[in-house]
Each structure stands twice: as structure tokens, then as C-alpha cells.
Amino acid sequence: MQTEILGNAEGIKQHGNVLIIKTPEAEARVWVYSPTIISVCISREYREYESFAVIQEPADKIDFTETDKEVVIATSALQLRVSKSPLRFNFYTVDDKVLSEDDPRFGVNWQGERVINYRKLVADEKFIGLGEKTGNLNRRGSSYVNWNTDAPLHGVDADPLYKTFPFFVGLHSGLTYGLFFDNTHKSYFDFGATTDDQMSWFGADGGDMNYYFLGAQSVPKIIEDYTWLTGRMEMPPLWSLGYQQCRWSYMSADEILDIAENFRKEKIPADVMYCDIDYMDDYKIFTWNKKTFADPKGMIAKLKAMHFKLVTIVDPGIKVEKGYKQYDDGIDKDYFAKYPDGEKYVANVWPGRCHFPDFFRKDVREWWGKSFTALTNPGVEGFWNDMNEPAAWGQNMPWLVKFGDKYMPEVRNAYGMEMAKATYEGTKKLLGNKRPFVLTRAAYSGTQRYSAVWTGDNSAYDAHMLLGQRLVNSLGITGISMVGVDIGGFSGDPTPELMVRWNSLGVYTPMFRNHAQQGTIMREPWVWGKKNEDIIRKDIEQRYRLLPYLYSSYYQSCQTGMPVSRTLAINYTGDENVYDVKYQNEFLFGDAILVAPVESTRFTEEVYLPGGEWYRFSTGEKFKGGRAVTVPAPLTDLPVFIKAGAIIPMQNVIQSTSEKGDGLLEISVWYGSETSSFVYYEDDGSSYDYQKGDYYKREIRFDPVKGEITFSKVEGSFQSKYDRIRLVLHGFEKNVKTTNVRDVIFNNDRAAIKIDY
Ligand code: MIG
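Residues numbered from 1 in each chain as written. Predicted model: local features only at pLDDT ≥ 70, side-chain atom pairs only at ≥ 80, totals over all residues. Heavy atoms only, no water.

## Structural notes on the overall build of the protein chain
The cut-off we apply is this: Secondary structure follows DSSP: runs of H or I at least 4 residues long count as helices, runs of E at least 2 residues long count as strands, and numbering of each begins at the N terminus. The globule rule used here is 2.2 Å times the number of residues to the 0.38 power, and the radius of gyration it is set against is calculated over C-alpha atoms. Classification of residues uses two cut-offs on accessible area relative to the type maximum, computed with a 1.4 Å probe and protein chains only: under 20% is buried, over 50% is exposed, and between them is partly exposed. The contact rule is simple, with two residues in contact once any of their heavy atoms fall within 4.5 Å. Note that His is not counted, nor are the chain ends; the positive residues are Lys and Arg, and the negative ones are Asp and Glu. All charge positions are set by atom: Lys at NZ, Arg at CZ, Asp at CG, Glu at CD.
Helix and strand counts for the protein chain come out as 12 helices and 51 strands. A globule of 757 residues ought to have a C-alpha radius of gyration of about 27 Å, and the protein chain, at 26 Å, matches this closely. When the backbone C-alpha atoms are referred to their principal axes, the protein chain occupies close to 75 × 70 × 50 Å. With 757 residues in all, the protein chain has 63% of them scored as buried. Once local pairs closer than 6 in sequence are excluded, the contacts in the protein chain between residues at least 24 apart make up 68%. Where the 88 positive side-chain charges of the protein chain centre and where its 102 negative ones centre are 3 Å apart.

## Concerning the nonpolar core
What counts is decided by this rule: Only buried residues count toward a nonpolar core, which is a set of Ala, Val, Leu, Ile, Met, Phe, Trp, Tyr and Cys residues joined through side-chain atoms within 4.5 Å.
Counting residues in hydrophobic clusters, the biggest one holds 202 residues, and the most contacted among them are M299, L303, W368, Y508 and I593. For this core, the leading source of residues is helix α7 (residues 408-430), giving 8 residues.

## Considering the sheet that holds strand β12 (residues 114-120)
Adjacent strands of a sheet form backbone hydrogen bonds with each other and so pair up, either parallel or antiparallel. Spelled out, the test is: Each pair of strands is called paired provided DSSP finds at least two bridges between the two strands. Fitting a line to C-alpha atoms yields each axis, with helices limited to the stretch in contact; the angle taken between N-to-C directions then spans 0 to 180 degrees.
Ordered in space as β1-β11-β12-β19-β18-β14, the 6 strands form an open sheet in which the pairing is antiparallel. Among the strands making up the open sheet, the edge pair consists of β1 (3-5) and β14 (143-146). Each adjacent strand pair in this sheet contributes to an overall mean axis angle of 15 degrees, direction not counted.

## A look at helix α2 (residues 253-265)
To keep things clear, this is the line we draw: Between the first and last residue of a helix there are one fewer steps than residues, each counted as 1.5 Å, and that sum is the expected span.
With 13 residues, α2 ought to run about 18 Å at 1.5 Å a step, and its terminal C-alpha atoms sit 18 Å apart, in line with that. Along α2, the residues that are buried comprise A253, I256, L257, I259, A260, N262, F263 and R264. Lining the buried residues of α2 we find β21 (243-245), β22 (272-275) and α3 (296-305). Positive backbone phi, at 55 degrees, marks K267, one or two positions downstream of α2.

## Thoughts on the confidence of the model for the protein chain
Put simply, the test is: Confidence of the predictor in every single residue is expressed as pLDDT, which spans 0 to 100.
Averaged over all residues, the pLDDT of the protein chain equals 96, while 97% of them reach at least 70. Considering only residues more than four positions removed or in separate chains, one finds that residues 735-741, a stretch of pLDDT under 50, has 15 contacts.

## So, the site of the ligand
Under the convention used in this document: In these notes, residues near a molecule or strand are those with any non-hydrogen atom within 4 Å of it. In the analysis that follows, any N or O atom pair within 3.5 Å is treated as a polar contact, provided that within protein one partner can donate a hydrogen and the other can accept it, and provided that, for residues neighboring in sequence, both atoms belong to side chains. Note that accessible areas follow from Shrake-Rupley with a 1.4 Å probe, and for residues the cover is restricted to the protein chains shown. In this classification, the charged set is Asp, Glu, Lys and Arg, the nonpolar set is Ala, Val, Leu, Ile, Met, Phe, Trp, Tyr, Cys and Pro, and all remaining amino acids, among them Gly, are polar.
Close to the ligand lie 13 residues, the nearest being D276, D386, R441, D457 and H515. Between the ligand and R441 there is a distance of 2.8 Å, counted from an oxygen atom to a side-chain nitrogen or oxygen. A total of 350 Å² of accessible area belongs to the ligand in isolation, and the protein chains cover 96% of it. Looking at the shell around the ligand residue by residue, the class counts come to 8 nonpolar, 1 polar and 4 charged.

## Some remarks on the side chain of E524
Stated precisely, the cut-off is as follows: When a carboxyl oxygen of Asp or Glu is within 4 Å of a side-chain nitrogen of Lys or Arg, the pair counts as a salt bridge.
Within the secondary structure, E524 is located in the loop between β35 (512-514) and α10 (530-545). Although E524 is buried, it forms no salt bridge, and the closest oppositely charged side chain is R247 at an N-O distance of 5.3 Å. Polar side-chain contacts of E524 include one of 2.5 Å to the side chain of Y250. Setting aside anything within four residues of it in sequence, one finds E524 in contact with Q245, R247, Y250 and I259.

## Describing helix α4 (residues 325-333)
How we decide: Regarding the arc, it is the one traced by the directions from the helix axis to the C-beta atoms.
Every buried residue of α4 is listed here: Q326, Y327, D329 and G330. Looking down the long axis of α4, one finds its buried residues gathered within 165 degrees of arc, a one-sided arrangement. Facing away from the buried side of α4 by more than 90 degrees, the exposed set consists of K325 and D332. Considering only its buried residues, α4 is in contact with β24 (318-319), β26 (352-355) and α5 (362-371).

## Digging into the packing of aromatic side chains
Where we set the bar: Pairs were defined over the aromatic rings of Phe, Tyr and Trp, the Trp ring being its six-membered one, requiring ring centres within 6.5 Å. Orientation was assigned from the angle between planes: stacked under 30 degrees, edge-to-face over 60, tilted for the rest. Put simply, a charge is over a ring when the Lys NZ or the Arg CZ is close to the ring centre, within 6 Å, and near the line of the ring normal, within 35 degrees.
This model, assessed by the stated rule, comprises 63 aromatic pairs. On the basis of an interplanar angle of 75 degrees and a centroid distance of 4.8 Å, the ring pair of F263 and W526 is categorised as edge-to-face. Of this pair, F263 sits in helix α2 while W526 sits in the loop between β35 and α10, placing them 263 residues apart in sequence. Exposure remark for W526: the relative accessible area of 18% places this residue in the buried category. Here the aromatic rings of F372 and F383 are separated by 5.2 Å at their centres, their planes lie at 80 degrees, and the arrangement is edge-to-face. With F372 in the loop between α5 and α6 (373-376) and F383 in strand β27 (residues 382-385), this pair connects stretches of sequence that are 11 residues apart. Residues F372 and F383 agree in their burial class; the two are buried. Among the aromatic residues, those joined into a cluster by ring pairs are F91, F127, Y144, F168, Y177, F181, F189, F191, F202, Y211 and F213. When the ring centre of W384 is taken as reference, the NZ or CZ atom of R513 above it lies at 4.6 Å.

## Some points on the environment of S445
Among the structural elements, S445 can be located in the loop between β31 (443-444) and β32 (452-454). Taking C-alpha positions, S445 is 27 Å from V679, a pair spaced 234 residues apart along the chain. With sequence-adjacent residues up to four places away left out, S445 is seen in contact with A53, T164, F165, P166, F180, Y226 and M417. At 2.9 Å, the side chain of S445 forms a polar contact with the side chain of Y226.

## A closer look at unusual backbone geometry
Cis rather than trans, the peptide bond between S85 and P86 has omega equal to -5 degrees. Looking at where P86 falls in the secondary structure, it is placed in the loop between β8 (79-83) and β9 (88-92). For the peptide bond that leads from W248 to S249, omega is -20 degrees, which places it in the cis range. Within the secondary structure, S249 sits in the loop between β21 and α2.

## Notes on the pairing of strand β45 (residues 664-670)
Burial runs high along β45: 7 of the 7 residues are buried. Here β45 shows no split at all, with L664, E666, S668 and W670 on one side and L665, I667 and V669 on the other all buried. In terms of strand pairing, strand β44 (residues 647-650) meets β45 through 4 bridges, oriented antiparallel. Note that in β45 the partner of P649 across the bridge is I667. Relative to strand β49 (residues 724-730), β45 is paired through 7 bridges, and the arrangement is parallel. When the bridges of β49 are listed, V669 appears paired with L729.

## Some words on the packing of helix α8 (residues 462-477) against helix α9 (residues 496-506)
Inclusion rule: These descriptions rest on fixed angle ranges, namely under 35 degrees for roughly parallel, over 145 for roughly antiparallel, 65 to 115 for roughly perpendicular, and the rest for oblique.
At a minimum axis distance of 11 Å, the contact between α8 and α9 shows a crossing angle of 5 degrees. Between α8 and α9, the crossing angle belongs to the class labelled roughly parallel. Of α9, the residues touching α8 (which contributes D462, H464, M465 and Q469) are L498, R501, W502 and L505.

## A closer look at the packing of α2 against α3
Closest axis-to-axis distance for the α2/α3 pair is 10 Å, and the angle between their directions is 0 degrees. Classified by the angle between their axes, α2 and α3 sit roughly parallel to one another. Residues A253, I256, L257 and A260 of α2 pack against M299, K302 and L303 of α3. Among the residues making up the contact of α2 with α3, the classes are represented as 6 nonpolar, no polar and 1 charged.

Listed below in C-alpha cells is the structure:
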């Protein structure tokens, strides 16, 4: 195999906003995207690069200086010092602190088509990120592969799984940086796992060494930059934040309606029912089974009357069957993936022999998008994209299969994203001004622009519940805020204790969906006995109480990319304890709620509370942070803590998000000794009018020194659905141990409240 290491610079040229540096082996191109983002693309044969992920353009100009030894590209926030002989790429802060340097010996190298970048490892360097990856929060000492894979029954260490996010954050010496390797080939990351701690390395089976270096000095700012580059989510439909009930499968319209009815009868709040693959006729996408789902429109109307939305699954595989519309269309218009000789690729999935739409083509995406009328006409508003790694029986799709003008290995990791894009764009058009909900299993960086994700086929045991939380937390670092896991575990049967515990964690999961595999015991809240049902109900009610807070947190994801569920490493980056495997599953839900996942067999737990002060949500008990505390953790009370200074808007319990509620917005302020604030956001929860200013937004501020809570003037034209605000003050008197609640009710337009304490 031919092995080449990037050699000496031979020529340096500026062409407009790009700097081109040639060596005998290759050429490197450098662009500045923003003061904190510099991109480097090193290729042996330069080709125009079209990114699936990046939606920004580089800045118009690039400033650099050159000496005998190096070329320096400096912005107001970051320096790239390129050493010329040999060509190496080293990043520093503006005050010359090392952020990340190439390994001086090996730098960028090729072996055959494989391209790898070896980088120096700093002694105390930690790594977080890569999205849906098993293992520890701190990825130092681990290695990973990105190759989107259907992974049924995967264990808690399995790799790769369904998604690819080649983006990580490096942490050392009190400094932070991010690196996004934008390459859809099978890719590899090694964080000092197998190099005797000398180097970290990453690379891919093909394509270019094409990366974006993010030099902002805080993890939230790096996430903001990464999601600026790759896009942010839009406001989700409010109903998708409610409780979602799924199963593979509810076998008939009657069963779906029975289950929905029972939620109302049992007074367990819920918003969403799902149809898994059995609603279709012979697994043909965009059809309904004529016997078991004879009248989809009627069924959906009944669901609607009960305030339920329906989500239906779609897979990419189109059954080979003459007379089936999607098949005939696809053949006529040549929409399916092919071998190089033009023969259509066939593989077996649920429908039997299938062709696979070539989602890399715009005309195919448009066709796919329009096909959703079969679902939207009867009233479906949520679209679940499964099996889009893409998956087929046997798994090993031949490398000769072509998508667009590329072979499968080059773009496999983006197939799911392109399907989600086609689904999102198509259904958005069909639904008029309504927000569709799209859920996808496979994804690549940037998928947050189109879809929520779930973490695939987990299993019903404690270690999987904890892993699920780490996956959610890690996906948050890579721009995916709206993520769920199958609550209860997809494969296997949870014990009642696990079901109850997992459900209580689901309250604090960005997307809250109960789902289970065919053949497992039923999972609905009422099948676990009265006592457990009562706990499950109470927890789901808590989810609905928190909706105003959750919706505002999603608004933050749309604005800055900050995820709803946040590993503690995002806000407490410098605190060593947050990486301790004992505490690594803990996370912040929004700005101010700390949640500690607990196994279903443990009823007291050691929880690490970062610096500051915290209150137990359920009791109001106050704790000093910066230490671990051992707290009771019965199945009725997951350890959840509120950060001192927190401002948390809540509402009354409703049975679904389409209920108006009692009109009272309850804003809890938890006393803290420092000034704090919260951006409250509301809109109609279903349309795109908020993008034209039809929202209700105000900042709420608490100043403990002045003893003042201030509500800023309302921004936007939306009329809040709450006509009164109640201020609930917690912990506002000295020497008071438990919650001290004082109610102040005032009209929505009142601006400032003086508190004397
Ligand atoms: O081959 O549609 O991950 O959530 O219930 C299995 C049936 C296909 C895999 C998904 C799972 C879904 C199941 N699907």
C-alpha cells in the first residue's frame, strides 16, 4: 500500500478568501469562517466539495503573514500557525497557548485512499462528543468507528451504532477547542487509546482531510459555533413534547383507539400514538392495511377528538411489486439506487425484495416528499424514519451500489440524513403552515435541521438506561437537542421497578417516548399494577407541569444550539468530578434542573452537585454544592435538584398539550445569592408564524441584592395563553430549611416585583 506523509510546502498562494499551500503530495486549503472558526482541507486531488452538514460560507477574506518557517493565519480569537517543512497545522489562542498541534512526525498522511491526521496529545487532555457513542463521557483512552449501522440487541459497549457525528471537543490546560471532521466515509477516531498516550488520531477510508477547527474558549460557545456551522433545529410542534406511546406494533385502528381512550380514562396525560410497520399493507410504504386500518381518516379524527396526534413509520425500502404506485413511479422515473451497470439494487427487508430511493438526488427527495399525501391526507402529522442506515437483511450493502454519482461507502453515513431531509421538506410543504414532526434513526452532522432522533434498539436493563442517558447527553454536544430513547427498553421485558424508574427519567428526556419490541410484554402505564401506575402518572404529570420551561429550553436550542439535556461537562467543564464514571450520567435539563439517573435496584444514591447551591426539587431541601451528597432515591422520587437562582415557569396539569389549561403561569424562583435570569418563550406551538414575530418572549431577572424580580417588556406579537402569573418563591428566608413558598399573583403585564425578605 502506498503510504505518503505530507511533506514540505512548495508554494503558497492566496486566491480571494482561500489560502492554498502545495506540497509534492497534496494541497491544503485554508479558509476563515469566523474569528473562532478556521477550516482546513487537505487533498491530493482538489475537487469542489459539497457538504451535507455545513450551511455557512467562509468569510470574504483571509489575513496571513509569512516567514521562512511558517504561515500564520490569525483572527481576533484564534491562530493557525502552519509550519512549512514539513507542512503541519498547529492551533493556538491569540496569546500563544497551544490548543492543538499536529504530530510533528506524521501530521496528515495517506495509506492508499485512507487519510489520517495524527495529532499531539496533551498530558491532561480530555475529549467529549462524537454524538451517539457508547463508553464514558470522557472519551480519552477510547477509539470509535463511524459507519451507520442497524444494531438490534446491541450491548452497552457496541460501536458503531446508527449515527455519525465526527465532531469532538478537546479540553486541556483550562482551554477548549472543537474539531469537526466533515467526511461521510467510514471514519475513525482514537483518543490516545492505542498510541501509548502519544497521539490522538482521526481519519477516514477516503475523501479529504477536511476539518473545521473551533477555537472558542468555552464549551457552550463551541456548541454555538458548531451549530452555526451545521444549523439548528426549528421550534418543534408542542405536541411532540408531550408523552408519546409507541409499540411495535399496535395491530389495528381499534387497538390504537383503545389505548388512547384508556389514557383519558386513567387520566394519564399523553399526546401521541404511533403506528409501527404493521399499519401498512404488506409493509408497502405509503399504504394502509385495508382490513386492520380500513379507515385511517376516521381513526385519526377519533384520535383528534381525544387530543391525540398520530405518528406513522416509513422505511426507505420500496417493495418490488408491479402495480404498487411507489414502485411503478420509481421505475418509470429511475429513482432507485443502482449498480454501475444500471441494474437496480435489490435487498430484502420487511416487504421482501426492495429497491432503495436515491435520496441524494433532489428529484427523488421531492418525489418522496410528495408521496406523504397518503399519510397527511388522512391527518398524520408525525413521520418516523426507520432503517435508514440504510439497513437490509444481511447488512453488507455491496460497495458497488451507487447513490447520486457516488458509491455507497462514500455517502452511506449521510443516507439517513438525506431521507430525513426529504421527509421534512416534503411534509412541511404538505402540512401548509403546520410544523411536521420528523424522527430519524440514522443521522449525520446537521440532521438537527430536519429531524429529532432516537437512539435505536436499546434493551430493558439498568445499564442500558444509564447508557441511554449518556447517549442523549453526548448527542447534545453534537447539535442534536431533540432526542429520545425507548423508555422501558426496546428489547426484553423491564421489571416494574425498571419501568417506573425509566419513566421518571423520561420526564427529563427531551423527547419522551415509551416503545417496545414485538413479542415483549405490553408497556402502557396501567399494566404495572395500581401502585406503579400512580407513580408513572404522577411523573408524567410533572412533565406536563414543566412544559413552559421545556418549551423555553427548546427555544434556546433553536437560538444558540444549546441542547435541552446537557452533560455537566458543558457548564462545569473545569470540574474533574463531572467526568468521574460514578457521576458521568448526570445532566442539566435546561438551564437549571440537575438530574441524576439511578438504577432501578438502588434506593439511595450518591449524587455529585457542582459548585453553588442546590435544592432538591421534591422537598426544597438545600444542599451546598462542590461535593457529593448521598440522598434517598425511592422509585417515587428520582434525585432532581434545582440550581440556586433558578427561574422555572410551570403550568397546571393538563391531559394533553392541546388543552388550554387554567391560564395560570406559575413561575418558581429558587433563592440564590447571585443575579440570575431566564428567557421565557411561548408561541402558538404549531405554526411557523413565530418566524414572523408572532411569539411572546420576555426575560425574567432576579436580583437578590435589590430584592427584585423584573419581567422585561414582552417582545413579539403573540398573546400568551396564560392570563395570570403566579410567582412562587422558594427558600427566600434565612434559616428556613424546607421550601418557603409565598404566592404573588399579578396580571401578565406587570413588570417588576419588589420582595422584602
Ligand atoms: O427491523 O419497525 O429501531 O424502533 O419498532 C426492525 C420495527 C425495524 C427497528 C426500530 C424499532 C421498530 C422496528 N424497526
